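Topology and contacts: notes
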Amino acid sequence: MTVEGTVTILLDRKKASVPRVENETLLESARRAGLSPPFSCEAGNCGTCMARLVEGKATMRVNDALDEDEVAEGYILTCQGVPESESVVVEYE
């Protein structure tokens, strides 16, 4: 179900935005936007899908890969990150 808001993904000098979908992860949003973001396990264990939350708020369902410092710096596992705010911007570095 679509909810109010937009998810914007920055990847490989490309920018794509899609309407927010309830309970959809940031990784799923990026793929729906036609991008090919990095990922491996999709379980929150490896860190391959790590990106920086540039704007907005998101919560990780599981985090077995990032340490507290990385999370404090705004990094998130996109396979587990679900938007909490109306607008979210994520940048894969």
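What comes next concerns the included structure. Treat the numbers as computed from the prediction; the structure is a model and nothing was measured. (Residues numbered from 1 in each chain as written. Predicted model: local features only at pLDDT ≥ 70, side-chain atom pairs only at ≥ 80, totals over all residues. Heavy atoms only, no water.)

1. Considering the nonpolar core
A general tendency of soluble globular proteins is for nonpolar side chains to be buried together. Counting 21 residues, the largest nonpolar core has I9, L26, V90 and Y92 as the members making the most contacts within it. For this core, the secondary structure elements donating two or more residues are β1 (2-11), β2 (14-21), α1 (26-32), β3 (50-55), β5 (75-77) and β7 (87-91). In this view, Y92 contacts I9, L10, L11, L27, A30, P37, P38, C49, M50, A51 and T78; residues no more than four positions away in its chain are not counted. (Core = buried A, V, L, I, M, F, W, Y, C linked by side-chain atoms within 4.5 Å. Buried < 20%, exposed > 50% of the residue type's maximum accessible area, 1.4 Å probe, protein only. Helix = DSSP H or I, 4+ residues; strand = E, 2+ residues; numbered from the N terminus. Contact = heavy atoms within 4.5 Å.)

2. Notes on the pairing of β7
Taken together, the five bridges between β1 and β7 define a ladder with parallel strand orientation. Its bridge partner being in β7, T6 is matched across the sheet by S87. The pairing of β3 with β7 spans three bridges and is antiparallel. Pairing of E55 across the sheet is with V89, part of β7. (Pairing = 2+ DSSP bridges.)

3. What to know about empty space enclosed by the protein
Applying the stated criterion across every chain yields a total of one cavity of 30 Å³ or more. Taken as a whole, the largest cavity holds about 30 Å³ of empty space. Taken together, F39, S40, C41, E42, G44, N45, C46, G47, C49 and C79 form the lining of the largest cavity. Class assignment for the residues of the lining of the largest cavity results in five nonpolar, four polar and one charged. (1 Å grid on protein atoms, 1.4 Å probe; cavity = no way out; pocket = protein on both sides within 12 Å on 5 of 7 lines; lining within 4 Å. Points joined across faces, edges and corners; volume = space filled by probe spheres on them. Nonpolar A, V, L, I, M, F, W, Y, C, P; charged D, E, K, R; others polar.)

4. Remarks on the packing of aromatic side chains
Counted according to the given criterion, the structure contains zero aromatic pairs. For R31, the ring lying beneath its charged end belongs to F39, and the centroid distance is 4.7 Å. (Phe/Tyr/Trp six-rings, centres within 6.5 Å; stacked < 30°, edge-to-face > 60°. Lys NZ or Arg CZ within 6 Å of the ring centre and 35° of its normal.)

5. Quick look at the sheet that holds β5
Taken in spatial order, the five strands line up as β2-β1-β7-β3-β5 in an open sheet, and their pairing is mixed. Because the sheet does not close on itself, it has two edges, and the strands there are β2 and β5. Each neighbouring strand pair of the sheet contributes to a mean axis angle of 35°, computed without reference to strand direction. In this structure, β3 lies alongside β5, joined through three bridges in antiparallel fashion. Across the sheet, A51 pairs through a bridge with I76, a residue of β5. (Axes fitted to C-alpha atoms, helices over the stretch in contact; angles between N-to-C directions.)

Geometric descriptors of this kind do not, in isolation, establish any biological role.
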